[in-house]
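Given next are the chains, with one letter for each unit.
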Amino acid sequence: MDNATLHNYNAVLEGCGLMDLPDHALLWAAGRDRIDLIHRMSTNDLTNMAENEGRATVLTTPLARIVDRIIVINLEPKALVLGSANMATTIRRWLSGYIFFQDDVALADASSELAQFRLFGPKADSIIERLMSGASALKLHHARRQGGAIIGRADSVAGSSFFVAAEKTEMAQWRAKAVEAGAIEADPAVYNILRVEAGLPEMGHEMGEDFIPLESGLWNDVSFTKGCYIGQEIIARMESRGKLAKRLIGLKAASPLTPGGLVTSAVESPRFGWIGLGFAKPSDEIGSEIVINGARATIAALPFQG
């Protein structure tokens, strides 16, 4: 690891990083049935969502494979849908294909009007308070509006994490306010190290059409009491029988890990050495050793600790 990356990593780990998300999906869902559509098309229960409440859910194929993991936030009179990088068109087409004639739903790409950045690190709470009073008390995936910005709590990375989706005409002001409060520009490579340390799956790595949500550790994004959705029977059967083909694990190694085969993400962490995310049999226990591409690695609990 070069000195600049190490310095940036340490600075974020002691403070708060800021990273733009220019390619991440941002969509508006409008109309009476906007949340009902996504509810019946995804793994989680989205009924009775209060204003400003958000929930994570997964769009799945008939074979229960992951189309994308999305965050749905009820902002009244619309819902904001956050998705993975370069997935806006896929999400919109997937949902649009299941809108019936009686549905009152309109989906639109919000990226023409909104831009997004993320704040993450141990000082993210204090910095988000400078942007919006009371924002540090937001529950996971919940959000609030202020002016032309929507601010919400995101999945934990290096401590607290928040997203800011703001009108493009105001984005420079919100970024400047965050930097003035102490946020530092984070290298995407540093964010990726912290993501792996946190054990967060990412599209193209631990999520995609090679994986079922339960295999990718997305248990909290799946309801086992709601009605039918595409892929529901397979997911319910896997849960009830306790028979996953594989599960997401952490990996620690003394030598470099390389993505491929069992390994889906690999980084050199200044705190933990060579670590990665990958998949193993459910019977493989934490602390046991496995051989990957001829090298030995130890299965570690997620998130990485120590």
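Coordinates for the structure precede this section.
Residues numbered from 1 in each chain as written. Predicted model: local features only at pLDDT ≥ 70, side-chain atom pairs only at ≥ 80, totals over all residues. Heavy atoms only, no water.

1. Describing the packing of aromatic side chains
Stated precisely, the cut-off is as follows: Ring geometry is summarised as follows: Phe, Tyr and Trp rings, the Trp one being its six-membered ring, pair when their centres sit within 6.5 Å, and such pairs are stacked at plane angles under 30 degrees, edge-to-face over 60 and tilted between the two. For each residue, the accessible area found with a 1.4 Å probe, counting protein chains only, is set against the maximum for its type, and the residue is called buried under 20%, exposed over 50%, and partly exposed in between. Definition used: whenever NZ (Lys) or CZ (Arg) falls within 6 Å of the ring centre and also within 35 degrees of the ring normal, the charge is taken to sit over that ring.
One pass over the structure, following the stated rule, counts five aromatic pairs. Aromatic side chains Trp219 and Phe224 sit 6.0 Å apart centroid to centroid with 50 degrees between the ring planes, which places their arrangement in the tilted category. A relative accessible area of 37% places Phe224 in the partly exposed class. The ring of Trp28 has Lys78 lying over it, and the distance from NZ or CZ to the ring centre is 4.1 Å. Stacked on the ring of Phe279, the Lys or Arg Lys246 has its end atom at 5.6 Å from the ring centre.

2. Observations concerning the nonpolar core
To be explicit about the condition: As used in this record, nonpolar core signifies buried Ala, Val, Leu, Ile, Met, Phe, Trp, Tyr and Cys residues forming a set joined through side-chain atoms within 4.5 Å. Runs of E in the DSSP output that reach at least two residues are strands. Runs of H or I that reach at least four are helices, and both are numbered from the N terminus. Here, residues are in contact when the closest pair of their heavy atoms is within 4.5 Å.
In this structure, Ile91, Leu95 and Phe120 are the most contacted members of the largest nonpolar core, which totals 49 residues. A per-element tally of this core places helix 6 (residues 188-198) first, with five residues. Ignoring any residue separated from it by four or fewer positions in sequence, one finds Leu95 in contact with Leu37, Ile38, Met41, Leu59 and Leu107.

3. Some thoughts on the environment of Ala106
Summarising the element assignment, Ala106 is placed in strand 6 (residues 106-109). With a relative accessible area of 43%, Ala106 lands in the partly exposed category. When the C-alpha atoms of Ala106 and Trp28 are compared, they prove to be 8.0 Å apart, with 78 residues separating the residues in sequence. In this structure Ala106 touches Trp28, Ala29 and Ala30, once residues within four positions along its chain are discounted.

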